[in-house]
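Take a look at the letters that make up each chain.
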2 protein chains.
Amino acid sequence: MNNSPSLLPPSGEGFLPGLAIDLVIFGFHENQLKILLLEYKNTGLFALPAGFIKNDENLNDAARRALTERTGLHDIYLEQYYVFGDVTRHDPTPLEAIMLGKGYVPSHDHWLLRRFVSVGYYALVDFTQAVPIPDLLSDQCEWHDLNNLPSLMLDHTTMVNKALQTLRDNLDHKLIGTNLLPETFTMGDLQTLYETILGEKLNRTSFQRKMLDLNILERLDKKWTGGAHKAPYLYRFKG
Amino acid sequence: MNNSPSLLPPSGEGFLPGLAIDLVIFGFHENQLKILLLEYKNTGLFALPAGFIKNDENLNDAARRALTERTGLHDIYLEQYYVFGDVTRHDPTPLEAIMLGKGYVPSHDHWLLRRFVSVGYYALVDFTQAVPIPDLLSDQCEWHDLNNLPSLMLDHTTMVNKALQTLRDNLDHKLIGTNLLPETFTMGDLQTLYETILGEKLNRTSFQRKMLDLNILERLDKKWTGGAHKAPYLYRFKG
């Protein structure tokens with residue numbers, strides 16, 4: 001991959017002006033919940049993966065493209081959750097430092113240093129399936145434990161917190177089709193996923209009752225475990 | 001009010017380029033649910049109230065300003081619900097017709113005729129409290145019955161439908177603070193509001209059980225109706 005900052009478009013030509021996308025990519029695997037961050041070594045800064053929208057590109061397609069560019073993953077569930085549009089989020093200092101550190105001297109009215117409104121998207125993936133790839137200005141793209149995040153650039157910590165809150169609020173309706181579980185799974189697998197995303201232990205009996213009341217699960221045969229009793233039922237999401 | 005189209009800013013100077021706001025303002029009163037539409041008489045077109053964001057203005061403040069400019073109302077609950085960013089929504093024809101009809105001849109690259117991404121907001125107000133005011137290009141600003149809407153410009157029908165779906169999905173958490181009910185109300189008042197927004201009749205017993213389970217209501221004294229029995233309890237939303 002050619003990582004040279006000289007590939008940066010010198011003007012914003014070809015892209016919608018003043019509008020960006022920021023991606024909160026949650027990665028789940030077994031009991032862990034992580035998010036994908038870019039690191040800029042010359043400045044010690046961390047940031048969410050971002051993207052711009054081409055003049056002839058749909059906004060949601062631009063977000064999907066950015067997700068694929070950073071993870072190698074296709075056909076991932078991705079959702080708009082909030083537009084960050086406060087004036088106070090405009091601070092050209094960190095990006096200017098990053099560009100200078102990469103040997104790129106931007107003019108003071110460089111398009112990347114102007115005010116941007118950013119559409120926040122979140123995605124939920126199995127982090128073992130992704131192949132993180134840095135963008136033109138960053139040195140590393142890596143999974144970070146959600147419980148131990150470094151300081152993030154600009155308002156990116158707010159972006160992460162709001163995405164997590166939205167994900168938690170909508171969890172009952174959002175897990176279908178995320179590919180975070182195998183096609184068939186036990187109630188225990190589902191509870192582990194909930195507990196990891198919610199960050200708390202749940203009562204087994206009431207969790208099972210709530211899930212069955214939601215009417216989103218189809219019960220299949222028992223899982224063959226060798227022994228005859230205590231074999232858990234398998235479920236899948238209704239189509 | 002000076003309604004002259006000559007007040008239109010000739011360039012987009014002072015506003016964020018390419019970004020707009022569209023408002024789905026739901027109006028409730030007694031059993032009716034309406035939305036506020038602008039009418040352009042010279043073209044027969046109807047549209048949602050819209051707004052632009054000043055260079056030094058927060059996005060959410062621009063939405064609040066647009067809401068106040070069209071309704072005269074302040075301190076109204078307003079929520080982002082979706083960003084409309086498809087390329088196909090760019091069609092300069094209707095707006096060009098509206099401007100020409102108002103005696104304003106735009107250049108072909110006039111800023112209002114370029115591609116816009118629009119942040120959709122919805123609000124919920126008591127329509128008897130609002131004083132609808134047309135904008136610079138429109139002739140009328142009026143409440144329309146949600147069940148009997150005229151054809152709307154561009155993708156505005158999609159915007160209305162998506163706002164209504166979001167409102168319905170979130171109703172249990174969104175009514176607090178909307179000022180659609182007096183400070184104290186009966187379970188019957190609340191059920192009427194739900195039924196009107198959901199567009200369907202609800203079972204009285206299960207509605208009451210669900211509302212009490214949500215733990216958002218505080219029960220007060222019975223409503224004094226003159227007769228001793230069958231007086232309904234009054235409730236208010238917990239603070």
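The numbering scheme is per chain: residues are counted from 1 as the chain's sequence reads. Working convention: letters from A go to chains and numbers from 1 go to ligands, in the order in which they are written. At least 70 in pLDDT is required for a residue's local features to be given in this predicted model, at least 80 for side-chain atom pairs to be given and counted, and no such filter applies to totals for whole chains, interfaces and linings, which use all residues. With hydrogens and water stripped out, all remaining heavy atoms of the structure feed into the side-chain values.

Undergrad: Can you explain the packing of aromatic side chains? Please cite residues and give values.
TA: Residues and elements named next belong to chain A. Pairs were defined over the aromatic rings of Phe, Tyr and Trp, the Trp ring being its six-membered one, requiring ring centres within 6.5 Å. Orientation was assigned from the angle between planes: stacked under 30 degrees, edge-to-face over 60, tilted for the rest. For the structure shown, the criterion picks out 24 aromatic pairs over all chains. Between phenylalanine 185 and phenylalanine 237 the ring centres are 5.1 Å apart and the planes differ by 50 degrees, which places this aromatic pair in the tilted class. With phenylalanine 185 in strand S8 (residues 185-186) and phenylalanine 237 in strand S10 (residues 233-237), this pair connects stretches of sequence that are 52 residues apart. Between buried and exposed lies partly exposed: a residue is buried under 20% and exposed over 50% of the maximum accessible area for its type, with that area taken using a 1.4 Å probe on protein chains only. Its relative accessible area of 1% is what places phenylalanine 185 among the buried residues. Chaining the aromatic ring pairs together yields one cluster made of Phe26, Tyr81, Tyr82, Phe84 and Tyr122. We call a charge positioned over a ring when the NZ of a Lys or the CZ of an Arg lies within 6 Å of the ring centre and within 35 degrees of the ring normal. Its end group placed over the ring of phenylalanine 127, lysine 34 keeps NZ or CZ at 5.4 Å from the ring centre. Labels follow the DSSP assignment, with helices taken as runs of H or I lasting at least four residues and strands as runs of E lasting at least two, numbered in each case from the N terminus.

Undergrad: Requested: an account of the UniProt feature "domain: Nudix hydrolase" (unreviewed entry) in chain A, with residues and values cited.
TA: Residues annotated by UniProt as "domain: Nudix hydrolase" (unreviewed entry) correspond here to residues 18-168 of chain A. With 23% helix and 34% strand, residues 18-168 of chain A has its two end C-alpha atoms placed 30 Å apart. UniProt positions are given in the numbering used here, feature names are shortened, and annotations may be inferred rather than shown by experiment.

Undergrad: Give a description of the interface of chain B and chain A that names residues and reports values.
TA: Only heavy atoms enter the contact rule, under which two residues are in contact if any of them lie within 4.5 Å. Facing the 21 residues of chain B at the interface are 21 residues of chain A. Together, Gln80, Val83 and Arg115 of chain B form the three largest contributors to the area buried by chain B at its contact with chain A, with a combined 28%. Whenever a carboxyl oxygen of Asp or Glu lies within 4 Å of a side-chain nitrogen of Lys or Arg, that contact is scored as a salt bridge. On inspection of chain B and its partner chain A, the count reaches 0 salt bridges. N or O atoms within 3.5 Å of each other form a polar contact, as long as, within protein, one can give a hydrogen and the other can take it, and as long as residues adjacent in sequence are counted only when both atoms are side-chain atoms. On inspection of chain B and its partner chain A, the count reaches 14 residue pairs in polar contact (both at pLDDT 80 or more). For the side of chain B that touches chain A, the secondary structure elements donating two or more residues are strand S1 (15-29), strand S4 (50-54), helix H1 (59-71), strand S5 (78-84) and strand S6 (117-126) of chain B. By buried area we mean how much accessible surface two parts lose on assembly, using a 1.4 Å probe and totalling the loss over both.

Undergrad: Describe the relation of the copies chain B and chain A, and please don't skip the residues or the numbers.
TA: Least-squares fitting of one copy onto the other uses the C-alpha atoms of those residues that reach a pLDDT of at least 70 in both copies. By a simple turn and slide, chain B fits onto chain A: the slide is 0.0 Å along the axis, the RMSD is 0.0 Å, and the turn is 180 degrees. Classification of the inter-copy transformation places it as that of a two-fold axis. Residues of chain B ranked by C-alpha distance from the rotation axis are headed by proline 17 of chain B, positioned 3.3 Å from it. When the interface residues of chain B are mapped onto chain A, 100% of them again fall at the interface, so both copies present the same face.

Undergrad: So what about helix H6 (residues 204-214) of chain A? Which residues, and what values?
TA: Backbone nitrogen of threonine 205 of chain A and a side-chain oxygen of the N-cap are separated by 3.0 Å at the start of H6 of chain A; the cap is asparagine 203 of chain A. After H6 of chain A finishes, the residue asparagine 215 of chain A shows a positive phi value of roughly 65 degrees.

Undergrad: Let's hear about the sheet that holds strand S10 (residues 233-237) of chain B: which residues, and what values?
TA: The strands making up a sheet associate through hydrogen bonds between their backbones, and the pairing can be parallel or antiparallel. Residue and element names in this part refer to chain B. Paired strands, as defined in this entry, are two strands with at least two bridges between them according to DSSP. The 3 strands lie next to each other as S8-S10-S9, forming an open sheet whose pairing is antiparallel. Each edge of the sheet is formed by a strand with only one pairing partner; in this case those strands are strand S8 (185-186) and strand S9 (217-222). In the sheet, S8 pairs with S10 via 2 bridges, with the strands oriented antiparallel. Within S10, the residue paired with phenylalanine 185 across the bridge is tyrosine 235.

Undergrad: Give a detailed account of the side chain of glutamine 80 of chain B, specifying residues and quantitative values.
TA: Relative to the elements of secondary structure, glutamine 80 of chain B occurs in strand S5. By relative accessible area, which is 14% here, glutamine 80 of chain B ends up buried. Only 3.1 Å separates the side chain of glutamine 80 of chain B from the side chain of asparagine 60 of chain B, close enough to count as a polar contact. Among all residues touching glutamine 80 of chain B, those that are not within four sequence positions of it are Tyr82 and Val83 of chain A together with Leu59, Asn60, Val119, Gly120 and Tyr121 of chain B.

Undergrad: Break down helix H5 (residues 187-198) of chain A for me, with residues and values.
TA: Residues and elements named next belong to chain A. For a helix, the expected span equals 1.5 Å multiplied by the residue count minus one. If you check H5, its first and last C-alpha atoms are 16 Å apart, about what 12 residues at 1.5 Å a residue would give, namely 16 Å. Of the residues making up H5, those classed as buried are Met187, Leu190, Gln191, Leu193, Tyr194, Glu195, Thr196 and Ile197. Two residues or fewer past H5, glycine 199 is found with a positive phi of approximately 70 degrees.

Undergrad: Before we move on, can you summarise the domain arrangement of chain A with the specific residues and values?
TA: All names here are of chain A. Assigned domains within chain A: domain 1 (5-174) and domain 2 (185-237). The distance between the C-alpha centroids of domain 1 and domain 2 comes to 34 Å. Summing both sides of the interface, domain 1 and domain 2 together bury roughly 900 Å²; the carbon and sulfur share of this comes to 69%. Scanning the region where domain 1 abuts domain 2 turns up 1 salt bridge. For the pair domain 1 and domain 2, the number of links is 4 residue pairs in polar contact (both at pLDDT 80 or more). Broken down by secondary-structure element, the contributors of at least two residues to the side of domain 1 that touches domain 2 are strand S2 (32-40), helix H3 (156-169) and helix H4 (171-174). Here the limits of each domain have been adopted from an automatic or database domain assignment.

Undergrad: Tell me about the environment of valine 83 of chain B, residues and numbers included.
TA: Topologically, valine 83 of chain B is positioned in strand S5. Note on valine 83 of chain B: relative accessible area 4%, which makes it buried. Measuring from C-alpha to C-alpha, the distance between valine 83 of chain B and asparagine 42 of chain B comes to 29 Å, with 41 residues separating the pair along the chain. Residues in contact with valine 83 of chain B, not counting those within four places in the same chain, are Leu59, Gln80, Val83 and Val119 of chain A together with Val117, Ser118 and Val119 of chain B.

Undergrad: Account for the side chain of threonine 186 of chain B, naming residues and giving values.
TA: Residues and elements named next belong to chain B. Mapped onto the secondary structure, threonine 186 falls in strand S8. On the basis of relative accessible area, threonine 186 is assigned to the buried category, the value being 8%. Every residue in contact with threonine 186, bar those within four places of it in the chain, is listed here: Lys223, Pro232, Tyr233, Leu234 and Tyr235.

Undergrad: Explain the pattern of salt bridges to me, and be specific about the residues and the numbers.
TA: All names here are of chain A. This model, assessed by the stated rule, comprises 18 salt bridges over all chains. Residue aspartate 61 pairs with arginine 64 through a salt bridge whose shortest N-O separation is 2.8 Å. Within this pair, aspartate 61 and its partner arginine 64 are both found in helix H1 (residues 59-71), separated by 3 residues, close to a single helical turn. Within this structure, Glu57, Arg65 and Glu69 form a network of salt bridges that share partners.

Undergrad: Which residues make up the environment of aspartate 61 of chain B, and what values go with them?
TA: All names here are of chain B. Judged by relative accessible area, aspartate 61 falls into the partly exposed class, the value being 30%. Sequence separation of aspartate 61 and glutamate 30 is 31 residues, and the distance between their C-alpha atoms is 30 Å. A polar atom in the side chain of aspartate 61 sits 2.8 Å from the side chain of arginine 64.

Undergrad: How would you summarise the sheet that holds S10 of chain A if you had to cite specific residues and measurements?
TA: Residue and element names in this part refer to chain A. The 3 strands lie next to each other as S8-S10-S9, forming an open sheet whose pairing is antiparallel. A single partner strand is all that each edge strand has here, and the edge strands are S8 and strand S9 (217-222). As judged from the 4 bridges shared by S9 and S10, these two strands associate in the antiparallel manner. Paired with leucine 217 across the two strands is phenylalanine 237, which belongs to S10.

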